[in-house]
Amino acid sequence: MNQLLAPSSRVAFAALTHDLGKFAERAGLTDARLDAHITDYCKWHETGGGKGYHSHKHAAFTALCLDVVEQSAPDLIRGDVTPFASRQDGTEADITDSLINAAAMHHRPETLLQWIIATADRVASGFERDEFDRYNDAEDKTDTGHNHFQARQLTLFEQVRLTDEKQHTTAASLDYRYPLKALSPENLFPVKRVGYESEQDAPAQKEYRALWEAFLLALKDDIPASHRQQWPLWLDHFDTLWQTFTHAIPAATAFNVKPEVSLYDHSKATAAFAVALWRWHIAQEGLSDADAIRQHKDRADWNEKKFLLVQGDFFGIQDFIFSEGAETNRHAAKLLRGRSFQVSLFTELAALKVLEACELPSTSQIINAAGKFLIVAPNTAEVREKLAMVRRELNQWFLENTFGLAGLGLVEKSASCSDFLQDRFKDLMKGLFADLETAKLSRFALTDDAPRVFEVEYPQGVCAYNTRLPADVQGSAPLSRDQIAIGKALAHKDRLLVVRDESELRKGSVTPLEIPVFGYRIGFTEGEEETGKFGALAQSGELVRCWDFSLPENLTDTLWHGYARRYINAYVPVFGEHDHLTSDKYQGVEADEDCRPGNPKTFNHLACEDRQPDEHDHWIGQVALATLKGDVDNLGQIFQKGLKQNTFAKMAALSRQMNAFFAVWLPAYCKEKYPNTYTVFAGGDDFFLVGPWQSTQKLAAEMAEHFKAFVAENPEIHFSAGIITTKPGHPVHALAEQAETALEKAKGYEEDGQKHKNALSLYGEIVPWKDWPTLARLEDEVRQLADDYKLSTGYVYGLLSLIDLAADKTRQESAMWRSRFTYRTCRYVVDKLRDKDARSVALARLATTFGENGIAVQKSRFRIPLFNFFYSKRKG
C-alpha cells in the first residue's frame, strides 16, 4: 500500500516547481553560478556569425533556487528519492536524472523524467506543436508590450464573452491586472492597469523581490520540520504556500502571449499531468525509455489515452443540509453550519480517498469547490479497479449513514495529451460533465447490487434533528451529533486533523467526531502550540492530513499559517463585549448568560440585531431574519464558451478564482463588515446566508458591487439573489424552499418583453442590481421625510394601496392614483402645518419622493423602501 505515493509526490514537486526560476529571476536575484547554469539548462539560439542567445533563462534560476528550497523540504538528493537519482555517497557530483535537473530541463529535456515534465508543461498550456516551438524559441516579451519583469497578470474574467462574439485580441486592450501580492481576501481583486503596471524594470523587480523574500521566509519558518518525513503531508502544505505567493504571478511572458494564467495554476496542472504520465509509463510493459523519449519528442503518442479524469459530485446537498426533526429549530444555527461544513468535508475526504487509493499526491486534485472535485489520474487497469472499489465504498458509507439522503457520484473519463489542446479541450470537458449528469441518474448503483429497502429498526424512535435517521439511546443519530459538534467547533477551532487511529484524537485539546468517514477519523483542534505542531502524529505516519480552515483576521490578512488550507469554513457570529452592553435588545429571546462573549449567536439573537434605540431608549424595529440565497448567472456558459481559447489551466484558474470570491472573500467580509451574518454555505458559485433582516439587504447590495469589481467590471458576469424575511423559528426547510423560489424569480423576470437575470428578489418584487441604489436613496428620503413632518403610519401605509392601484393596469381607475395621492397628501400637510410656505415645500418634497420618484417611476418596487420603513419602526 502506498509504495508509489512518495515517488509520485516527488514527481509532483519537481513539476510544481519547474518554473520556480521565473519567480526568482523576476526578483532580480544574482549568483556566481548563474552563467554556468544558463549554459547547462537554457536553450541556445544561433543568430549567425557565431553569435546567439540563450532563451528561457528562468530554467537556470529554477536549478539555482531549488538548492535553496531543498533546505526546508524533504530530502531531494540523498537517500531514497525514487524515481530520481540519489547522491548516496554524499558527493556533489552532478547527476543527470536528479529531481533538480528534471525540474529545470523542461526547455531542453534529455531523459525520460525530464521529457515527462516537459510534456506535462506543454499539455497544461494547450500548445499545438508549432505554437510551442515558436514559444520555446521566443524572448521574454508579452502581448502587453511589457517584459517579464514589468508584466502583471491579466484577469480571465475581463475576457469572458457570452453574447458578444468579438474577443479582445491583445492584452494591451484589457484594463485590469492582479496586484503582485500574497493571497489575501483583498488581493483577490484586480486593479486598474493604468497607474499600477510599471514601465520600468527597477520598481517592478522590487515588488517581485519583496514577494520572493516573504516566500522564502514562510518556507523556512512556517511548515513544521517534523512534517518533512511524510512527503504527501508536506507537499499538501507546500501546495498552499505556493498558491499564496504565486497566485498572481503570470506564468508565461514569452512569444507575445497574454500573461493571463498564474504561475500557480499552470504549475499545478503541470504537476497533475506529470504524475499521471509517469505512472502510466511505469505501468507499460515492453516500452523502453528510449522509445518513450522518442514518442514524447515527436508527439507520436499524443493520441494515446494516458490520463483518467476523475470527477466527484456531492448530490442531495439541499435535502442533507435542511433536514428536519423535533429539535431542529432549537439548534438551527449549529445544525445548518455543521451540515454545510460536512458537505465540504465529505467531498474533501472522498477526494482524499480517491487520491490515496490511486497513490496520488494532493496536487493531482485540481478542483474542489461547492461539493465537486476533479482529479487527474493515470489511465491504468489498476487505477480503474481501485476507483471501482472506492465508488462501492463511498456508496455503502452514504447508504449506511444517511440512508440515501445524500451521496457522491464518481465518474472517470479517459483523455490523451491531444485532448487538452485548445481546439479539442471544449469537447473533452463537455463529455466529462455529460458523464456526470448520467451518473446522477444511477445513484448508489441501485440497478446493480445496492439494497432497495433498508433493514433498519427504530426502537428509540427517530432522531430529534433528522426524522429520517434512527435515534440511539441518546435520542439522536451520531451523524446529527457530529453536525452540532462541528457547529460548536467552528467558532473556536482553527485546524482539522485527518488520522487513521481514533486513539490519536483523544489527546490534548482535540475535539473528535463520532463517526469515521470513509475510514478516516476526524478531529478539530485549536492552536498548533497546544498540540506540538502535531509532530508525533506526523512522524508516526498516522497524520494523513492537517488542514487549516481558519478565517482571515481581516480583509488584508495573508492566507498562510504554515499548514495546508482548505476553504471550507464560513463566518459564525459570536457575542462580543458590545453585545453584552446592549443585551436589552434580546429581552425575551434567551437567558442573559447565553450572551457571554465568545458564545455563538442563535438565529433568535440575530433576528434582534437590526433593532435600534428610540428617543426614549426603547428598542424598536422588527424582530426578523433575512435568508439570502444566490448564485452566478449563466455559469455553465461562462465555463463552456466564455473564453475563446480555453485550456485546462485556464479552466482550473477560473474555477479557483470564482470559488475564492464566495469561499475566501465573503466570509472575511462578513466578519469585518457584517458580523451578525451566518454564512451557512458559500463556495463555488453560490451562497446561502442568514442574518438580520435589513443588514442582509445591505450586504447583498454590497456583494453585487464587489462582485462587479471582482470580475473586472465585465457586464456579462453577475449573480442573482433572493431574500425572504421571516420571524425566527421558521422551519429551516421552509427557509430553503422559499429562498430558492425567490432566487428563481430573480433569474427569470421580464422587462421590455425579454427575460433577464442579474437581479434581486425581495418582498415579491424584482429589482435589477443597477436600480438598487435608487431604491436605497428613496428609503433614506422616506425616513427623512417621516422625521421632518412626523408622518403618521396611516399616511405612509395608505401609499401601499395607491401602489397597488398604479400597478394594476387592468383596472379602469388605475390612472386615478395621482389624484388620490394628491388629495391625501394635501389634507395631511394642511392638517399638520400652519405656515403656507412650509406647506408648499412639504407638498413639493412629498410629491417628488412619494409620487414621481416613488410610485410613478418605481411602481410596485416602491413597496421595498416602504416595507423597510415600517419594519424599522415596529415596537415590541
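Higher on the page you've got the structure.
Sequence order as written defines the numbering, with residues in each chain counted from 1. Two thresholds apply to this predicted model, a pLDDT of at least 70 for residue-level local features and 80 or more for giving and counting side-chain atom pairs, whereas whole-chain, interface and lining totals are computed over all residues. Hydrogen atoms and water are omitted, and side-chain values are computed over all heavy atoms in the structure.

**Q** What is the right way to read the packing of aromatic side chains from this model?
**A** Each aromatic ring pair is described using two quantities: the centre-to-centre distance and the angle formed by the ring planes. In this analysis, rings of Phe, Tyr and Trp, with Trp reduced to its six-membered ring, are considered paired at centre separations within 6.5 Å, and the interplanar angle assigns stacked below 30 degrees, edge-to-face beyond 60, and tilted for intermediate values. In this structure the tally under the stated criterion is 58 aromatic pairs. Here the aromatic rings of Phe420 and Phe648 are separated by 5.4 Å at their centres, their planes lie at 85°, and the arrangement is edge-to-face. Highlighted residues: Phe420 in the loop between strand S8 (407–415) and helix H15 (422–440) and Phe648 in helix H21 (residues 648–673), separated in sequence by 228 residues. Classification of Phe420 by relative accessible area gives buried; the value is 0%. Here a set of aromatic residues connected by ring pairs shows up, and it is made of Phe157, Phe189, Phe661, Phe662, Trp665, Tyr669, Tyr674, Phe687, Phe707, Phe710, Phe719 and Trp769. The residue whose ring lies beneath Arg299 is Trp302, and the NZ or CZ to ring-centre distance is 3.8 Å. In this scheme, Lys NZ or Arg CZ marks a charge over a ring once it lies within 6 Å of the ring centre and within 35 degrees of the ring normal. The ring of Tyr520 carries the charged tip of Lys353 above its face, separated from the ring centre by 5.5 Å. Numbering goes from the N terminus for both helices and strands, where a helix is a DSSP run of H or I of at least four residues and a strand is a run of E of at least two. Residue burial is assigned from relative accessible area. The probe radius is 1.4 Å, only protein chains are included, and a residue is buried under 20% of its type maximum, exposed over 50%, and partly exposed in between.

**Q** Help me understand the packing of helix H25 (residues 793–807) against helix H27 (residues 836–858) in this model?
**A** Angle between the axes and distance between the axes: these two values describe a pair of packed helices. Every axis in this analysis is a line fitted to C-alpha atoms, fitted for helices over the stretch in contact. Angles between the N-to-C directions lie between 0 and 180 degrees. H27 packs onto H25 with a crossing angle of 30° between their chain directions and a minimal axis gap of 11 Å. Judged on the interaxial angle alone, H27 and H25 are roughly parallel. Relative to H27, H25 is oriented so that their crossing is right-handed. Of H27, the residues touching H25 (which contributes Tyr795, Leu799, Leu802, Ile803 and Ala806) are Leu846, Phe850 and Ile855. Three classes are used, and their members are as follows: Ala, Val, Leu, Ile, Met, Phe, Trp, Tyr, Cys and Pro are nonpolar, Asp, Glu, Lys and Arg are charged, and the others, Gly among them, are polar. Counted by class, the contact of H25 with H27 contains eight nonpolar, no polar and no charged residues. Here is the rule for angles: anything less than 35 degrees is roughly parallel, anything more than 145 is roughly antiparallel, 65 through 115 is roughly perpendicular, and the remaining ranges are oblique. The hand of a helix crossing depends on one turn: near helix anticlockwise from the far one by less than a right angle means left-handed, and clockwise means right-handed. Note on contacts: a residue pair qualifies if any of its non-hydrogen atoms lie within 4.5 Å across the two residues.

**Q** How do you make sense of unusual backbone geometry when you look at a structure like this?
**A** Excluding glycine, most residues fall at negative phi; most peptide bonds, likewise, are trans. Look at the link from Thr82 to Pro83: it is a cis peptide, with omega at 10°. Inspection of the secondary structure assignment puts Pro83 in the loop between helix H4 (58–70) and helix H5 (99–104). You will see that Tyr763, though not glycine, has its phi angle at about 55°, which is positive. One can find Tyr763 in the loop between strand S22 (759–762) and strand S23 (765–768). The class for Tyr763 is buried, based on a relative accessible area of 19%.

**Q** Looking at this model, I keep getting lost on the pairing of strand S6 (residues 365–369). Mind explaining?
**A** It is a general feature of regular strands that their side chains alternate between the two faces of the sheet. Across the five residues of S6, four count as buried, placing the element largely inside the fold. In this sheet, strand S7 (residues 372–378) lies alongside S6 in antiparallel orientation, the contact comprising four bridges. Paired with Ile367 across the two strands is Leu374, which belongs to S7. Connecting S6 to the antiparallel partner S7 that follows it, the hairpin turn spans two residues, and Ala370 within it adopts a positive phi of roughly 55°. In short, DSSP must find at least two bridges between two strands for them to pair.

**Q** Teacher, can you tell me more about the sheet that holds strand S9 (residues 495–499) here?
**A** Hydrogen bonds along the backbone pair up the strands of a sheet, which may run parallel or antiparallel. Ordered by their spatial adjacency, five strands build an open sheet running S10-S11-S9-S12-S13, and the pairing between neighbours is mixed. The two strands at the open ends of the sheet, each matched to only one other strand, are strand S10 (511–512) and strand S13 (564–565). The pairing of S10 with strand S11 (residues 521–525) spans two bridges and is classified as antiparallel. The partner of Pro512 across the bridge, within S11, is Gly523. Sheet strands in contact with helix H9 (residues 231–246) are strand S12 (543–548) and S13, and its direction is about 20° off that of S12. Of the strands in this sheet, S9, S11 and S12 touch helix H13 (residues 332–357), which is tilted by about 145° from S12.

**Q** Quick question: what am I supposed to make of the packing of helix H24 (residues 772–789) against helix H28 (residues 863–873) here?
**A** Viewed as axis vectors pointing N to C, H24 and H28 meet at an angle of 45°, and their least axial separation amounts to 9 Å. It follows from the interaxial angle that H24 and H28 lie oblique. Handedness of the H24/H28 crossing: right-handed. In this structure, H24 uses Trp772, Leu775, Leu778, Glu779, Val782, Arg783, Ala786 and Asp787 to contact H28, whose residues at the interface are Ile864, Pro865, Leu866, Asn868, Phe869, Ser872 and Lys873.

**Q** Help me out: how do you make sense of the side chain of Thr402 in this one?
**A** Among the secondary structure elements, Thr402 is positioned in helix H14 (residues 381–402). For Thr402, a relative accessible area of 2% corresponds to the buried category. Two N or O atoms form a polar contact when they lie within 3.5 Å of each other; inside protein one atom must be a possible hydrogen donor and the other a possible acceptor, and for residues adjacent in sequence the pair counts only when both atoms belong to side chains. In terms of polar contacts, Thr402 uses its side chain to reach the backbone carbonyl oxygen of Phe398, at 2.6 Å. Contacts of Thr402, omitting those with residues within four sequence positions, involve Phe320, Trp397, Leu469 and Leu479.

**Q** Looking at this structure, how should I read a nonpolar patch on the surface?
**A** Patch rule: a residue counts if its relative accessible area is over 30% and it has no salt bridge; like charges are joined within 9 Å, and nonpolar side chains (Val, Leu, Ile, Met, Phe, Trp, Tyr) within 5 Å. All accessibility values rest on the Shrake-Rupley procedure with a 1.4 Å probe; residue burial counts only the protein chains present in the view. A side-chain nitrogen of Lys or Arg and a carboxyl oxygen of Asp or Glu constitute a salt bridge if their distance falls within 4 Å. Together, Val456, Tyr458 and Val462 give the surface a local cluster of nonpolar side chains, amounting to about 220 Å² of exposed area. With respect to the helices and strands, the residue Val462 is situated in the loop between H15 and helix H16 (478–489).

**Q** Explain the sheet that holds strand S17 (residues 678–683) here, please?
**A** With mixed pairing, the six strands of this open sheet are ordered in space as S17-S18-S16-S19-S22-S23. The strands lining the two open edges of the sheet, one partner per strand, are S17 and S23. Each adjacent strand pair in this sheet contributes to an overall mean axis angle of 15°, direction not counted. Across three bridges, the pairing between strand S19 (residues 719–726) and S22 is parallel. Considered in S22, the bridge of Ala721 is made with Leu760.

**Q** Explain helix H26 (residues 817–832) to me, please; I cannot follow it from the model alone.
**A** Counted at 1.5 Å a residue, the expected span for H26 with its 16 residues is 22 Å, and the 22 Å between its end C-alpha atoms agrees. Residues of H26 that are buried include every one of Trp817, Phe821, Thr825, Tyr828 and Val829, and no others. Each buried residue of H26 sits inside an arc of 95° when the element is viewed along its axis, so together they form one side. Turned more than 90 degrees away from the buried face of H26, the exposed residues are Tyr823 and Asp831. On its buried face, H26 sits against H24, H25 and H27. Any helix carries an expected span of 1.5 Å times its number of residues minus one. This arc describes the spread of directions from the helix axis toward the C-beta atoms.

**Q** Quick question: what am I supposed to make of the environment of Leu162 here?
**A** The topology assignment puts Leu162 in the loop between helix H7 (129–137) and strand S3 (176–177). A C-alpha to C-alpha distance of 33 Å links Leu162 and Thr240, two positions 78 residues apart in sequence. Those residues in contact with Leu162 that lie beyond four places of it in its chain are Asn634, Gln637, Ile638, Lys641, Gly642 and Glu716.

**Q** It is not clear to me how the environment of Gln150 should be interpreted in this structure. Could you clarify?
**A** Following the sequence through the fold, Gln150 ends up in the loop between H7 and S3. Along the sequence, Gln150 and Gly407 sit 257 residues apart, while their C-alpha atoms lie 48 Å from each other. Once residues lying within four places of it in the same chain are set aside, the contact partners of Gln150 are Glu197, Ser198, Glu199, Gln200, Asp201 and Ala204. At 2.8 Å, the side chain of Gln150 forms a polar contact with the side chain of Asp201.

**Q** When you look at H24 in this model, what are you seeing that I'm missing?
**A** Residues lying three or four places apart along an α-helix face the same way, a consequence of the helix completing one turn every 3.6 residues. Look at H24: 26 Å from first C-alpha to last across 18 residues, which is about the 26 Å you get at 1.5 Å a residue. Those residues of H24 that fall on the buried side of the exposure criterion are Trp772, Leu775, Leu778, Glu779, Val782, Leu785, Ala786 and Tyr789. Projection of H24 onto a plane perpendicular to its axis shows the buried side chains occupying an angular sector of 135°, all on one side. Buried positions along H24 lie against helix H22 (693–710), S22, S23, H26, H27 and H28. Of the residues flanking the end of H24, it is Lys790, one or two places downstream, whose phi is positive at about 50°.

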